[in-house]
Amino acid sequence: MKKTISSIVNGVELTREVEPRLLLVHYLREVLMLTGTNIGCDTSQCGACTVLIDGQAVKSCTVLAVQADDRRITTIEGLVQEGELHPLQEAFWEKHGLQCGFCTPGMIMTARDLLERNPEPTEAEIRHGLEGNLCRCTGYEHIVAAVDYAARQMSG
Ligand code: FES
Ligand code: FES
């Protein structure tokens, strides 16, 4: 039997009927067509599926869509404001923080949560904050540099 859920997704209130077993990542990608959130492993290891739930970074392959009921969800698509990229998105561009880009949405959403809690992180704190997100291309150096650059831009 389907359940009705209402969530604010990227600032828009959306109500849908979903199967109780549907994962949040599948809800976002296949029901709402927000395909910026990637699926890398489905076993909660890679972080490619990371989104914000009420501002907190969560791996959306570990959460059921019904658990998003009455919650505020932000995906990578929701970071763009009035056509302007978020400073983190600009920073990944500026500092070459990606190669294939598959991990990038999850990295950015995790970094968003990190900078919200700690606006001026040390390099070690950035590395610790991103340890749940895997990248198979970059060796992480440019990703760390991008988050550091964004932190400086955002704190002025
Ligand atoms: S797809 Fe969710 S952690 Fe890898
Ligand atoms: S840029 Fe390819 S997985 Fe990170």
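Going by the structure above, here's the rest.
Residues numbered from 1 in each chain as written. Chains lettered and ligands numbered in written order. Predicted model: local features only at pLDDT ≥ 70, side-chain atom pairs only at ≥ 80, totals over all residues. Heavy atoms only, no water.

Draft legend 1. Structural context of the overall build of the protein chain. Of regular secondary structure, the protein chain possesses 5 helices and 5 strands. Each helix and strand of the protein chain, ordered N terminal to C terminal, gives the series β-β-α-β-β-β-α-α-α-α. Taking 156 residues into account, the globule formula puts the C-alpha radius of gyration at 15 Å, and the protein chain, at 15 Å, falls close to it. For the protein chain, the spread of C-alpha atoms along the principal axes amounts to about 50 × 30 × 25 Å. Sorting the 156 residues of the protein chain into buried and exposed places 43% on the buried side. (Helix = DSSP H or I, 4+ residues; strand = E, 2+ residues; numbered from the N terminus. Rg over C-alpha atoms; globule rule 2.2 N^0.38 Å. Buried < 20%, exposed > 50% of the residue type's maximum accessible area, 1.4 Å probe, protein only.)

Draft legend 2. View of the nonpolar core. Core analysis: the largest hydrophobic core is formed by 22 residues, its most contacted members being Leu88, Phe92, Met107, Leu130, Ile143 and Val147. Sorting the residues of this core by element identifies helix 2 (87-94), helix 3 (104-117) and helix 5 (141-155) as the ones contributing at least two each. Ile5, Leu14, Leu24 and Val58 belong to the second largest nonpolar core, which has 17 residues in total. (Core = buried A, V, L, I, M, F, W, Y, C linked by side-chain atoms within 4.5 Å.)

Draft legend 3. Up close: the pattern of salt bridges. Under the criterion given, the structure shown has 6 salt bridges. Put simply, arginine 112 and glutamate 116 hold a salt bridge, and the shortest N to O gap is 2.8 Å. Of this pair, arginine 112 and glutamate 116 both sit in helix 3, 4 residues apart, which is roughly one turn of that helix. By relative accessible area, glutamate 116 is classed as exposed at 52%. In this structure, the salt-bridge partner of glutamate 123 is arginine 127, at a minimum N-O distance of 2.9 Å. Here the residue glutamate 123 and the residue arginine 127 both occupy positions in helix 4 (residues 123-129), the gap between them amounting to 4 residues, near one helical turn. (Salt bridge = Lys/Arg side-chain N within 4 Å of Asp/Glu carboxyl O.)

Draft legend 4. Quick look at the environment of arginine 71. Relative to the helices and strands, arginine 71 is located in the loop between strand 4 (56-59) and strand 5 (72-74). A relative accessible area of 34% means that arginine 71 is categorised as partly exposed. If near-sequence neighbours (up to four positions away) are discounted, arginine 71 is found in contact with Ser6, Ser7, Ile8, Ile53 and Asp54. (Contact = heavy atoms within 4.5 Å.)

Draft legend 5. Here's a closer look at the packing of helix 2 against helix 5. At their nearest, the axes of helix 2 and helix 5 sit 8 Å apart, and the two run at 135° to each other. In terms of orientation, helix 2 lies oblique with respect to helix 5. Considering how the two elements wind past one another, helix 2 and helix 5 form a crossing that is right-handed. Between helix 2 and helix 5, the contacting residues are Pro87, Leu88, Ala91, Phe92 and Glu94 on the first element and Ile143, Ala146, Val147, Tyr149, Ala150 and Met154 on the second. The residue inventory of the contact of helix 2 with helix 5, partitioned by class, reads 10 nonpolar, no polar and 1 charged. (Axes fitted to C-alpha atoms, helices over the stretch in contact; angles between N-to-C directions. Parallel < 35°, antiparallel > 145°, perpendicular 65-115°, else oblique. Left-handed = near helix turned anticlockwise from the far one by under 90°. Nonpolar A, V, L, I, M, F, W, Y, C, P; charged D, E, K, R; others polar.)

Function cannot be read off these values alone, since they describe shape.
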